[in-house]
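# Descriptive analysis of the structure
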Amino acid sequence: MLGKFLKKNDTVLPPVIKEFECSDTDSIQKSFVTHMVYSLAKDEYSATDRDIYESIALTTRDRLIERWIKTQQTYYDKDVKRVYYLSMEFLVGRALGNSLINLDIYPETEKAMRQIGYELEDLREIEWDAGLGNGGLGRLAACFLDSMATIGYPAYGYGIRYEYGIFFQRIHDGYQVELPDNWLRYGNPWEISRPEYLFPVHFYGRINTVTDGKKTRSVWNDTEEVMAMAFDTPVPGYNNNTVNTMRLWGAKSSREFQFHHFNEGDYQKAIQDKAQSETISKVLYPNDNVSQGKELRLKQEYFLVSASLQDIMRRYKKDHQDMSKFHEKVAIQLNDTHPALAIPELMRILVDEEGLDWEKAWDTTTKTFGYTNHTVLPEALEKWSVGLLSKVLPRHLEIIYEINHRFLEVVKKKYPGDPKHMGIMSIIEEGEHKNVRMANLSIIGSHSVNGVAALHTDILKKSVFKEFFEMWPEKFNNKTNGITQRRWLKLCNPGLAELITENIGRGWITDLFKLRDLEKFIDNTDFRKEFNRVKKQNKTSFAHYIKTANGIDVNPDSIFDCQTKRIHEYKRQLLNILHIITLYNRIKDNPAAEIVPRTFIFSGKSAPGYYMAKLIIKLSNAVAEAVNRDKDVNNRLKIVFISNYSVSIAEKLIPAADLSEQISTAGMEASGTGNMKYALNGALTIGTLDGANVEMLEEVGDDNIFIFGLNAEEVGKLKYSGYNPREFYHRNGELRRVIDLIESGFFCPEQPQLFQPITKSLLDYGDTYMLLADYENYIKCQEKVSETFKDTEKWTTMAIYNVARMGKFSSDRTIKQYADEIWGVKPVEINGK
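Keep in mind the model is a prediction, meaning the values are calculated, not measured. (Residues numbered from 1 in each chain as written. Predicted model: local features only at pLDDT ≥ 70, side-chain atom pairs only at ≥ 80, totals over all residues. Heavy atoms only, no water.)

## Describing the overall build of the protein chain
The line we're drawing: Numbering goes from the N terminus for both helices and strands, where a helix is a DSSP run of H or I of at least four residues and a strand is a run of E of at least two. Radius of gyration means the value over C-alpha atoms here, while the globule rule gives 2.2 Å times the residue count to the 0.38 power. Whether two residues are in contact is decided by their heavy atoms: any pair within 4.5 Å suffices. Note that accessible areas follow from Shrake-Rupley with a 1.4 Å probe, and for residues the cover is restricted to the protein chains shown. For the purpose of charge, His is not counted, nor are the chain termini; Lys and Arg are scored as positive and Asp and Glu as negative. Taken as the charge location is NZ of Lys, CZ of Arg, CG of Asp or CD of Glu.
For the protein chain, the count of helices and strands is 33 helices and 24 strands. Over its C-alpha atoms the protein chain spans a radius of gyration of 28 Å, differing by no more than 12% from the 28 Å that the globule rule assigns to 833 residues. Its C-alpha atoms put the protein chain at 90 × 85 × 65 Å along the principal axes. Relative to all contacts within the protein chain whose residues are 6 or more apart in sequence, the contacts with residues 24 or more apart total 77%. Carbon and sulfur atoms form 49% of the exposed surface of the protein chain, whose accessible area is close to 33,200 Å². One way to put it: in the protein chain the 107 positive side-chain charges average out to a point 1 Å from where the 115 negative ones average out.

## Points about the sheet that holds strand 16 (residues 435-437)
Two orientations exist for strands paired in a sheet by backbone hydrogen bonds: parallel and antiparallel. The test is simple: When DSSP finds two or more bridges between a pair of strands, those strands are recorded as paired.
Within the open sheet, the three strands sit side by side as 14-16-15. Their pairing is antiparallel. At either end of the open sheet lies a strand with only one pairing partner, and these are strand 14 (383-385) and strand 15 (428-429). Note that strand 15 and strand 16 share two bridges and pair antiparallel. Pairing of Ile428 across the sheet is with Val436, part of strand 16.

## Here's the deal with the pattern of salt bridges
Here is the rule: The salt bridge criterion pairs a side-chain nitrogen of Lys or Arg with a carboxyl oxygen of Asp or Glu, the two atoms within 4 Å. Relative accessibility decides the category of a residue: with a 1.4 Å probe and only protein chains considered, values under 20% of the type maximum give buried, values over 50% give exposed, and everything between is partly exposed.
Under the definition given, this model contains 62 salt bridges. Residues Glu353 and Arg348 are paired through a salt bridge, measuring 2.9 Å at the closest nitrogen-oxygen approach. Note on Arg348: relative accessible area 10%, which makes it buried. Across the salt bridge formed by Lys514 and Asp511, the nearest N and O atoms sit 3.9 Å from each other. Classification of Lys514 as partly exposed rests on a relative accessible area of 40%. In this structure Asp511 comes out as partly exposed when scored by relative accessible area, which is 29%.

## Thoughts on the pairing of strand 6 (residues 175-179)
As paired elements, strand 5 (residues 168-172) and strand 6 share five bridges and run antiparallel to each other. Across the sheet, residue Phe168 finds its bridge partner in strand 6, namely Leu179. Here strand 5 folds back onto strand 6 in antiparallel fashion, the turn holding two residues, of which Asp173 has a positive phi close to 55°.

## Some details on the nonpolar core
For clarity, the cut-off: Nonpolar core, defined: a set of buried Ala, Val, Leu, Ile, Met, Phe, Trp, Tyr and Cys residues in which side-chain atoms within 4.5 Å join the residues together.
With 153 residues, the main nonpolar core has Val623, Phe706, Phe747, Phe755 and Leu772 as its most contacted residues. It is helix 23 (residues 611-629) that contributes the most residues to this core, 11 residues altogether. Residues within four places of Leu772 in sequence aside, it is in contact with Tyr723, Pro725, Phe728, Tyr729, Leu735, Ile739, Leu762, Leu763 and Asp767. Listed in part, the 118 residues of the second largest apolar core include Trp183, Ala342, Val411 and Phe468.

## What about the pairing of strand 10 (residues 224-236)?
Within strand 10, 11 of the 13 residues are buried, leaving the element largely enclosed by the surrounding structure. As paired strands, strand 10 and strand 11 (residues 243-253) are joined by 11 bridges and run antiparallel to one another. Across the sheet, residue Met227 finds its bridge partner in strand 11, namely Lys252. Where strand 10 hands over to strand 11, the hairpin turn is made up of six residues, of which Asn239 adopts a positive phi near 50°.

Structure follows, in structure tokens:
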């Protein structure tokens with residue numbers, strides 16, 4: 001069919017496509033053929049499925065480019081204030097489907113490709129996920145870029161173009177195995193390289209002081225230089241003409257080839273400098289258990305901020321020269337502390353290169369930056385050793401010390417004779433090994449500090465950064481996270497999206513609060529029937545996926561009970577496993593027992609060096625092996641671990657979920673966004689009062705969510721009073737039996753002691769994340785889930801309320817708050833032709 005179509009269009013192909021805005025079926029097909037022939041040099045005999053995908057990707061990109069150019073030119077013409085979002089991670093996922101949704105041409109493209117003989121859904125599967133992130137932090141950044149473009153804010157995302165993203169996870173014999181994620185193996189049709197934007201980034205060296213007239217300034221000499229080259233990806237807003245930019249930096253050597261080494265026969269040495277330089281953007285998150293990994297990670301962070309600030313300066317200086325007014329046209333948001341070196345870097349530029357005095361430079365710097373904190377775990381607050389900073393970034397360490405000196409003078413005046421305050425608030429952590437506290441630097445160097453959920457922000461104010469909040473209460477604010485409904489409902493769940501649109505119109509796509517109108521249909525028999533039909537269809541589809549990916553048959557009529565997120569002890573996948581073993585024991589005691597069928601679906605990656613998390617993955621698979629094959633269970637319980645969790649897998653899985661496990665220890669999850677995605681797609685939540693679960697409870701009502709366990713205050717009190725997990729172990733017979741079964745080696749008879757580190761962590765090492773304290777309440781709550789699921793009408797009502805009341809959790813709402821309350825930027829209308 002492709003050959004027939006190519007011949008049919010052969011005589012009408014123009015040498016240059018002058019009009020990219022035509023998006024009817026015929027125009028899409030003509031563009032597709034143009035790219036097949038002229039961009040890829042293929043015909044019907046040589047074109048592969050990947051060529052078909054690339055042609056439709058380039059066809060879609062064409063329809064972005066004119067708007068992209070127009071958008072950027074409008075920003076210059078109107079001299080707008082721009083926001084720059086600096087993030088070490090952007091977990092954007094696949095671009096084709098999202099671009100078609102936001103251009104509002106998905107149906108036309110689907111029809112165009114079907115007429116040629118291809119299914120658009122199959123072509124979307126060919127695209128490799130851009131896994132440039134580790135989890136929630138990177139996915140949030142991607143949602144924010146989508147919302148900024150949809151609302152029309154002049155915004156740019158800056159990150160690193162890692163050649164290898166988050167590792168590809170395989171499960172072998174129940175264990176996680178990490179493989180390279182070579183996402184650029186086949187190229188990336190969505191990005192445009194910008195060799196004209198090539199900036200030098202400096203490391204190491206020494207500091208000289210020079211005097212120009214009456215002024216003394218520092219000069220950073222004898223550095224090693226790496227070049228940062230820009231790669232741009234268009235970020236379209238929904239059904240408007242705005243197309244913003246995500247600019248990722250790739251490392252290039254400033255010395256491509258040492259010819260004299262080549263002539264001497266030392267071929268390896270000839271390319272050594274090039275290879276070493278380009279390591280910086282080679283892989284996301286190098287292993288920082290070794291000193292070389294720590295140094296590379298630090299260099300990555302500075303590489304990002306140095307290249308980005310040079311680019312921001314270049315753009316500012318096109319129309320402006322007064323550096324003291326930099327903040328009037330530039331807002332920079334730090335996505336956690338990873339880009340915090342931007343603060344001393346901007347000071348270095350303003351003082352050393354632009355000649356501003358310290359006070360003016362500092363005023364400009366603090367007015368430019370906002371800092372988003374993403375963690376309350378003390379061990380997760382980033383620190384860098386003074387020795388390493390002194391070696392890699394000597395000038396920046398000098399600036400940090402000067403910032404700290406001036407800041408501590410202010411602290412001393414506010415708290416005279418109080419060394420405790422100074423010790424806590426100092427950027428420099430004293431001790432045998434001095435460290436630079438990046439969170440303290442970020443707070444001191446920014447005019448805004450925000451948490452990402454109401455509870456999280458409250459903990460920051462009252463505990464983690466209590467002293468800073470007392471000093472600067474006006475700096476602290478909350479911006480509860482959100483998700484983009486374009487990807488996480490309209491794209492990933494077309495059946496539900498169409499049902500919603502048929503009943504309340506399209507307004508929800510850009511104003512999620514309009515979902516409240518669904519409550520008018522809560523008792524409508526036809527709506528409820530169709531709502532359940534869509535869910536059943538999604539579950540059946542995902543059951544096929546599980547069969548293909550894992551070789552396991554699951555029952556689409558069972559509860560799809562899902563916990564999909566990074567594997568970490570505080571997220572408590574282990575508590576979920578304890579529940580599964582409890583149900584298993586009940587069946588073994590009474591094979592005729594009435595158990596509501598459940599399919600437990602786990603997915604997520606552990607950090608490569610995180611021993612306990614990797615052991616929990618092994619345990620989940622070992623329990624699955626035992627339960628899935630046991631004839632007494634008789635398919636009432638099934639356990640599935642989906643490997644290599646990614647955005648594209650989440651897009652298949654989340655619409656099929658019945659129950660969303662959000663069971664972290666209260667007070668430890670900053671926000672979570674998976675909880676929002678699940679609820680938006682009609683899953684009910686079982687969760688603790690942690691992160692954004694608290695606000696979800698407020699929105700959906702306590703009749704429509706399953707809440708259990710200690711709250712954050714109770715967790716703190718129990719720990720303070722002397723938590724003894726063995727008391728809970730001895731008090732509860734079912735719990736004791738579950739732990740003893742794991743301890744005995746039942747789930748791994750060939751290595752009976754394999755899982756003892758897990759049981760010891762619970763019984764002998766303090767049960768840090770308080771699983772045993774919450775176990776009984778969790779089991780009772782799960783029994784309530786099962787009883788509710790048997791009442792189809794009640795479950796349906798709860799599910800519809802969850803969808804209808806998710807309006808608050810759109811990233812559009814979050815971004816509007818950032819723009820109004822932190823950045824001071826306004827939407828800009830981009831006119832079409």
